[in-house]
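# Geometric and topological summary
Take a look at the letters that make up each chain.
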Amino acid sequence: MSLDRGAAQRLVFTIAPEDLMVWNSGNWTLVPGLYTFAAARASRDITGQRTLTIG
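Along each chain, residues carry numbers from 1 onward, in the same order as the chain's sequence is written. A pLDDT threshold of at least 70 governs which residues receive local features in this predicted model, and a stricter bar of 80 or more applies before side-chain atom pairs are shown or counted, although totals over entire chains, interfaces and linings include all residues. With hydrogens and water stripped out, all remaining heavy atoms of the structure feed into the side-chain values.

## Let's talk about the overall build of the protein chain
Helix and strand labels come from DSSP, where a helix needs a run of H or I of at least four residues and a strand needs a run of E of at least two; each type is numbered from the N terminus. The helix and strand inventory of the protein chain stands at zero helices and four strands. Computed over its C-alpha atoms, the radius of gyration of the protein chain comes to 15 Å, more than 25% above the 10 Å expected for a compact globule of 55 residues. Reported as C-alpha extents along the three principal axes, the dimensions of the protein chain are approximately 50 × 20 × 20 Å. For the protein chain, the proportion of its 55 residues judged to be buried stands at 5%. Contacts are residue-level and defined by heavy atoms, with any inter-residue pair within 4.5 Å sufficient. By sequence separation, contacts in the protein chain at least 24 residues apart represent 5% of the contacts at least 6 residues apart. We get accessible surface area from the Shrake-Rupley algorithm with a probe of 1.4 Å; when it comes to residues, only the shown protein chains can shield them. A total of about 5,300 Å² of accessible surface is found on the protein chain, and carbon and sulfur atoms cover 51% of it. Charged residues are defined here as Lys and Arg on the positive side and Asp and Glu on the negative side; His and the ends of the chain fall outside this count. Charge coordinates come from a single atom per side chain, which is NZ of Lys, CZ of Arg, CG of Asp or CD of Glu. Between the centroid of the 5 positive side chains of the protein chain and the centroid of its 4 negative side chains there is a distance of 12 Å. Throughout, the radius of gyration refers to the C-alpha atoms, and the reference size of a globule is 2.2 Å times the residue count to the power 0.38. Remark: exposure states derive from per-residue accessible area (1.4 Å probe, protein chains only) relative to the maximum for the residue type, with buried under 20%, exposed over 50%, and partly exposed in between.

Structure representation (structure tokens):
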């Protein structure tokens, strides 16, 4: 998908809890805490972000 300059489009996606788990002492664990998800044109050009609390 591409957009014209200055246009906007809302994106909605789902992240499965398993995709946020880490391997810890022989088990997969979902670590509670504050997570920030960002969209960017480049590493120094963040265009949008959302933060949510898990756990």
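Having seen the model, we can carry on.
## A few points about the environment of Ser-43
Summarising the element assignment, Ser-43 is placed in the loop between strand 3 (33–42) and strand 4 (45–54). Its relative accessible area of 71% is what places Ser-43 among the exposed residues. As a C-alpha pair, Ser-43 and Arg-10 span 33 residues in sequence and 21 Å in three-dimensional space.

## Details of the pairing of strand 2 (residues 27–30)
The sheet contact formed by strand 1 (residues 21–24) and strand 2 spans four bridges and is antiparallel. Residue pairing in the sheet places Trp-23 in a bridge with Trp-28 of strand 2. Between any two strands, pairing holds if DSSP finds at least two bridges. The hairpin turn running from strand 1 into strand 2, its antiparallel successor, is two residues long, and Ser-25 in that turn takes a positive phi close to 55°.

## Examining unusual backbone geometry
Although it is not a glycine, Ser-25 sits at a positive phi angle of roughly 55°. The topology assignment puts Ser-25 in the loop between strand 1 and strand 2. You can call Ser-25 exposed: its relative accessible area is 72%.

## Here we look at the environment of Leu-3
Checked against the element boundaries, Leu-3 lands in the segment before strand 1. Taking relative accessible area as the criterion, Leu-3 reaches 43% and is therefore assigned partly exposed.

## Focus on the packing of aromatic side chains
Side-chain rings of Phe, Tyr and Trp, where Trp is taken by its six-membered ring, are said to pair if the distance between their centres is within 6.5 Å; with planes under 30 degrees apart they count as stacked, over 60 as edge-to-face, and otherwise as tilted. One pass over the structure, following the stated rule, counts one aromatic pair. Here the aromatic rings of Trp-23 and Trp-28 are separated by 5.2 Å at their centres, their planes lie at 70°, and the arrangement is edge-to-face. The same class applies to Trp-23 as to Trp-28, namely exposed.

## Some thoughts on a nonpolar patch on the surface
Patch membership requires more than 30% relative accessible area and the absence of a salt bridge. Residues of like charge join within 9 Å; the nonpolar side chains Val, Leu, Ile, Met, Phe, Trp and Tyr join within 5 Å. Here, a salt bridge means any side-chain nitrogen of Lys or Arg that lies within 4 Å of a carboxyl oxygen of Asp or Glu. Together, Leu-11, Phe-13 and Ile-15 give the surface a local cluster of nonpolar side chains, amounting to about 340 Å² of exposed area. By the element assignment, Ile-15 lies in the segment before strand 1. Take Ile-15: its relative accessible area is 33%, and that puts it in the partly exposed class.

Purely spatial values, then, with no claim about function.
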